[in-house]
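# Chain and residue survey
Each chain, written out:
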Amino acid sequence: MKVSETSICANPQGEFKNPYRSSAESWPLDTPGGRFYAEWDEESPVSREGQLIFFFQFLHAGGRWEQFLEKCPLHYAGNRGSGALNVMGTVLLSMLCGHWRYAHINAVRGDGVNPGLLGISDG
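Described in the following lines is the structure provided in the data block.

### Focus on the packing of helix H1 (residues 52-61) against helix H3 (residues 83-96)
In the contact formed by H1 and H3, the axes pass within 12 Å of each other and the chain directions differ by 135°. Comparing their axes, H3 and H1 come out oblique. The handedness of the crossing between H1 and H3 comes out as right-handed. Every residue of H3 that contacts H1 at Leu52, Phe55, Phe56 and Leu59 is listed here: Leu92, Leu93 and Leu96. Partitioning the contact of H1 with H3 into residue classes produces seven nonpolar, no polar and no charged.

### A short note on the nonpolar core
One finds Leu29, Phe56, Leu59, Trp65, Leu92, Leu93 and Leu118 to be the most contacted residues of the largest nonpolar core, which totals 14 residues. Secondary-structure elements contributing two or more residues to this core are strand S1 (26-31), H1, H3 and helix H4 (114-118). At four residues, H1 tops the list of elements feeding residues into this core. Not counting residues within four places of it along the chain, the set of residues in contact with Leu92 comprises Phe56, Leu59, Trp65 and Leu118.

### Section: the pairing of strand S2 (residues 34-39)
As a general feature of sheets, a regular strand has side chains that alternate between the two faces. Of the strand pairs in this sheet, S1 and S2 are connected by six bridges, and their pairing is antiparallel. By the bridge assignment for S2, Ser26 is matched with Glu39. Between S1 and S2, which pair antiparallel in sequence order, lie two residues.

### Comments concerning the pattern of salt bridges
Under the definition given, this model contains one salt bridge. The shortest N-O distance in the salt bridge between Arg35 and Asp30 comes to 2.8 Å.

### Regarding H1
All buried positions along H1 are accounted for by Leu52, Ile53, Phe56 and Leu59. For H1, the arc enclosing every buried residue in end-on projection is 115°, short of the 170-degree limit, so these residues lie on one face. Where H1 is buried, its residues touch S1, S2, helix H2 (64-70), H3 and H4. Gly63, located one to two residues past H1, shows a positive phi value of around 70°.

Each value, and the rule that gives it
Residues numbered from 1 in each chain as written. Predicted model: local features only at pLDDT ≥ 70, side-chain atom pairs only at ≥ 80, totals over all residues. Heavy atoms only, no water. Axes fitted to C-alpha atoms, helices over the stretch in contact; angles between N-to-C directions. Helix = DSSP H or I, 4+ residues; strand = E, 2+ residues; numbered from the N terminus. Parallel < 35°, antiparallel > 145°, perpendicular 65-115°, else oblique. Left-handed = near helix turned anticlockwise from the far one by under 90°. Contact = heavy atoms within 4.5 Å. Nonpolar A, V, L, I, M, F, W, Y, C, P; charged D, E, K, R; others polar. Core = buried A, V, L, I, M, F, W, Y, C linked by side-chain atoms within 4.5 Å. Buried < 20%, exposed > 50% of the residue type's maximum accessible area, 1.4 Å probe, protein only. Pairing = 2+ DSSP bridges. Salt bridge = Lys/Arg side-chain N within 4 Å of Asp/Glu carboxyl O. Arc of directions from axis to C-beta.

Written out as C-alpha cells, the structure reads:
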C-alpha cells in the first residue's frame, strides 16, 4: 500500500490580521493589582504565563476575585500573617503555572510580573 507524503496545511490563508490594531499599540487592562497596559509583539517569544493578564482582567471585571477573597476562610491575627490575598493569590498563580507539588510554589517568588497583576505584595 502506498502512503501519500504530502502535508496538509490546516490554515492555508494564515492567521487573521486585525487591520484596525497595530502590533505596536498598547491597550489598558484593569486587573486586581491595578491598571496595566498590554502590547502584542508577534516576534517575541512568550511563555504560557504571558497570557495571564487577560485572565486576571476577567476575574477583576466580574468581581470574582474580590468575591473569592471575601468568602475565603483564612483570617490571620497578628502582624506576621500574610493575609488571604497573598496566600490565595500565590496558590492560584502556582496552579495556573502548572505546579503539582507544594515545593513548586516557591517558583512563584521568581515571577516579577504576575503577582503584581493580582495585587500580591512582597511583605
